[in-house]
Structure formats: structure tokens, C-alpha cells
Amino acid sequence: MTMRFDRVSVTKGTREILSEITLSLNEHRVGVIGHNGSGKSTFLRLFNGLEKPSSGTVRFGETEDDLRHHVGFMFQNPDNQVVYPMVEEDLAFGLKSRKLPKAEVAARIERVLSELSLTHLKDRLTHQLSGGEKQMVALAGVLVTEPELICFDEPTTLLDLRNKMQFMSALSTLPQPAVVVSHDLDLLAGFDRILHIADGRIHADGKPEDVIPAYKALCEDLDEC
Amino acid sequence: MLTDLYIPGDSLLHRARPAWKLGVLFLYCTSVFVISHPLMLAAGLALVALGYGIAGLGPRDAFTAIRPALVVLLIIFVAQLWLETLSLAAYVTLRLMALLMAAALVTYTTRASEFTEGILALLSRAPKWVPKDKIALAMSLVWRFIPMIRAQFDEVREAQRARGLERNMLALVVPLVVRTLKTADEVAEAITARSLD
């Protein structure tokens, strides 16, 4: 399924955050890079409908209005995404609006926990989990909704090396396409496509081996990055 | 009720319907508070102890329930002792402790999701304009965010201690309120992203 942006602009007050973005994404792994305040998080939020374009259209396949039922979203801080006190309850919470039978909810939870090797956390209190465990539970919370595309907003920023590697391993096995906003260039190195956003526009768009070195070179000039 | 969280178990109390537990808690608190008699208090304390026993919980769990309120309990005891008599001070303090422990017993034996269902059951006859789902969700979120706000308070206190400001209430409260409001915004957004408007 293709995500299409057609002349999308986002304006907050008098400030234009994103300007006339037009592109189509259907690669398996897409990375988004850019300096703080460049508009990359706003760009990502458009995928799930958390942000509405001031002008232009965002479409996933033929869908324009109901994006969040197709697109999962993972936030930087899992503490804010995991909302129920127990892991099992939190995973069930994401399915509440789908009105699924209880047996189906339980089966999905079991399957996702098993796929992520998290079954041992099922009855744990979420506030007692480590940062890495919380991140994986947040991912499980997204996966139970069976999204067709998943967006990640700086998913490894708060993780130590071990948890980062565990997360990268989980990410690499996900069958769904993913769009990842990150400052972690190692994470994005093996991706299919990289978008570099600067000043609310697509500054560069291409393979990691082309875009990332150019971005690094730009960052060496501190005025530019 | 807000002192701590669910303790997993399979006792009669764990399995009881949340709406019943909330209803019994309401009746218990009203009775112990309204009927001011030492026998009522003794019965109330015995009932709480029995409840903890049935739930497989011990004195440590009961103490955990009243620990956050110890300072307040002490102030009430001293004030009553100063204004009234030792027996009245003991009575008032013990009654508050019984209420706190009874409320905590419901928390200990009820999952947040069951609590949501309990509130929804209690609100089932409310008028249509009452946002039942939102009220139940908001109440359930309290469970999740008490430990988070507690952790944030500890972090802020540490940070201000490092600056020598641990006794400055403004330095403690302002960052905590700002962080809590920011967290509330982000959580609301995460709930929206999980397709629950």
C-alpha cells in the first residue's frame, strides 16, 4: 500500500512547519532525518492523522479520513504510550475501539507477546518495567492492532545499547512497512530510502549511502545542522 | 484507595465483581464514618483484617496503604489529643486508618481494566449525556499515573537537591506541574494515536 502526500503544508500560526510536500512512499523501511525543529516529527504525525495538513492531502491507499486505523504510531517515550497499570490490560486497551470478541483480543495479545518474546511480562506492572521492556511493550501495543504501516518517532533515543540492539532486531523482523524518524544514523543505515527534511521541505531523498553522508557533511558545518 | 496498585492473586476478593466491591466499600465507609461507636470501629477493623486475610495479603500490605498518610494521621492524632481526649484521638485516627486500608484493599484486588468495567456498571443507569467511557478511562488512568508522578516528583526533588533548593516549594512544585501537564498532553496524544478519541 502506498502513502501519498500531495502538496501537503502544515502551518502553525504564522509559521510554516511543512511546505508543499509531495511524495509517495511504498518502500519497506523509510528513514527520516533532519535537525531539531526541521519538521520531521510533524511530517511523521501526518501519517497517523495526529496532525492534519493545513493544505494538501495525505492518503494511505485510497484512505484519507481514517488513517489511524491503518497506521500504528510509536512515540519516543514509552512511559506516555503505555497507559494501563498491567501489560496485558494495556495491550487490550489498544483494541477497545475495535469491539473485538474477548477471545480474539486474548489470542492477539498471546501471539504478539510470543512473537516479541515478551510472554513473561504479561502479568507485570508496567511502571515496574525497565526502559527497554517498556519500549517493547509499547511496540506490542501497536502490533496487536495489526497496523498496515508503523511510524516510529525516535524509538531508540532513550534506550541503552543492549535495549537498542534488541529493538533493532525486533524492527528488522516486522513484516509491516515502517517509517522511522531518528537521529541514530546507524539504525537507518540499512533502510531502503532516507528522507532528509530541512526547513519544512524535503532537502534530500534517496538511498542511505547517498543521503546519510551528505547529511553528515552538512552537520560538520554547525551553522547548517 | 490511591496508595498503591493491584497485587495479582486468585482469592475470592480478586474474583469478586468490581461493581460489588465498590458498592461494599461505599457502604463500609459510610457506616464506619456515620455510626460513631467503638463497637462499630472494632467491627470495621476486624472486617478489614478479615478482607486482607481472604485476599492473601499481610500486615505489610496494610501498612503500605496507610504509609503515605502517616504524617496527616499524626497531625490529626495530636490535634485531637490537644483539643479533646486520648480516647477520642485514638478513635478518630483508627477510623481513618480503617477507611484507608479498606479502600486500598479494593485497589489491591482490582485490575484497572476491571475497575473501568465496575465504574461503567455503576454508571449504566446514568443519563445519556454523561460520558461514561471517558469517566471510566480517566479514573483508570489515575492508577497508572500515580507511580509515574511519584517518580517524577523524586526526580525533581533530586535535581533541586543538587542545586541546594530541596526546601524551596516553588522549585519543587513548578517543574512537577509543568512535567505533569506535558505528560498529560503526550498521553492524550498517544491514546488518540491508538485510535481511541
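The structure presented is a predicted model; accordingly, all values stated were derived computationally and were not measured. (Residues numbered from 1 in each chain as written. Chains lettered and ligands numbered in written order. Predicted model: local features only at pLDDT ≥ 70, side-chain atom pairs only at ≥ 80, totals over all residues.)

A. Structural view of the UniProt feature "transmembrane region" (unreviewed entry) in chain B. On the UniProt side, "transmembrane region" (unreviewed entry) is annotated at positions that read residues 25-50 and 62-82 of chain B here. From the first C-alpha to the last, residues 62-82 of chain B spans 28 Å; its make-up is 86% helix and 0% strand. (UniProt positions renumbered as here; feature names shortened; annotations may be inferred. Helix = DSSP H or I, 4+ residues; strand = E, 2+ residues; numbered from the N terminus.)

B. Here's a closer look at the sheet that holds strand β3 (residues 29-33) of chain A. Residues and elements named next belong to chain A. In space, the six strands of this open sheet follow the order β5-β6-β7-β3-β8-β9, with mixed pairing throughout. A single partner strand is all that each edge strand has here, and the edge strands are β5 (71-74) and β9 (201-206). Strand-to-strand twist of the sheet, defined as the mean angle between neighbouring strand axes without regard to direction, takes the value 20 degrees. Direction of pairing for β3 relative to strand β8 (residues 193-198): parallel, over a ladder of four bridges. In the sheet register, Gly31 faces β8, and the bridge partner there is Ile194. (Pairing = 2+ DSSP bridges. Axes fitted to C-alpha atoms, helices over the stretch in contact; angles between N-to-C directions.)

C. Focus on the domain arrangement of chain A. Residue and element names in this part refer to chain A. By the assigned domains, chain A splits into domain 1 (1-70 + 149-225) and domain 2 (78-146). For domain 1 and domain 2, the distance between their C-alpha centroids amounts to 25 Å. Residue-level contacts link eight residues of domain 1 with seven residues of domain 2. Element by element, the count of residues in the side of domain 1 that touches domain 2 is highest for helix α5 (residues 161-173), at four residues. In the side of domain 1 that touches domain 2, the residues fall into six nonpolar, two polar and no charged. (Domains from an automatic or database assignment. Contact = placed C-beta atoms within 7 Å. Nonpolar A, V, L, I, M, F, W, Y, C, P; charged D, E, K, R; others polar.)

D. Layout of the interface of chain A and chain B. Listed by partner, the interface residues are 24 residues for chain A and 22 residues for chain B. Residues belonging to the side of chain A that touches chain B are distributed by class as follows: nine nonpolar, 10 polar and five charged.

E. Quick look at unusual backbone geometry. All names here are of chain A. Here Lys99, not a glycine, exhibits a phi torsion of approximately 55 degrees, which is positive. The topology assignment puts Lys99 in the loop between α2 (87-93) and α3 (102-115). One non-glycine residue, Ser117, lies in the positive phi region at around 55 degrees. Its location among the elements puts Ser117 in the loop between α3 and α4 (131-143). With 11 C-beta atoms packed within 10 Å, Ser117 lands in the exposed category. (Buried ≥ 20, exposed ≤ 12 C-beta atoms within 10 Å, placed from the backbone.)

F. Focus on the nonpolar core. Core analysis: the biggest nonpolar cluster contains 90 residues, and Val32, Met74, Ala140 and Cys151 of chain A together with Met101 and Leu105 of chain B have the highest contact counts within it. Once residues within four sequence positions are removed from consideration, Cys151 of chain A is found in contact with Leu44, Phe47, Asn48, Val71, Gly72, Phe73, Met74 and Val179 of chain A. (Core = buried A, V, L, I, M, F, W, Y, C linked by C-beta atoms within 7 Å.)

G. Focus on the confidence of the model for chain B. Residue and element names in this part refer to chain B. Of all residues in chain B, 96% have pLDDT values of 70 or greater, and the mean over the chain is 86. The element-level mean pLDDT for chain B is lowest in helix α7 (residues 112-122), coming to 79, with helix α3 (residues 38-54) highest at 93. Here the predicted complex carries an ipTM of 0.74, next to a pTM of 0.75. (pLDDT = per-residue confidence, 0-100.)

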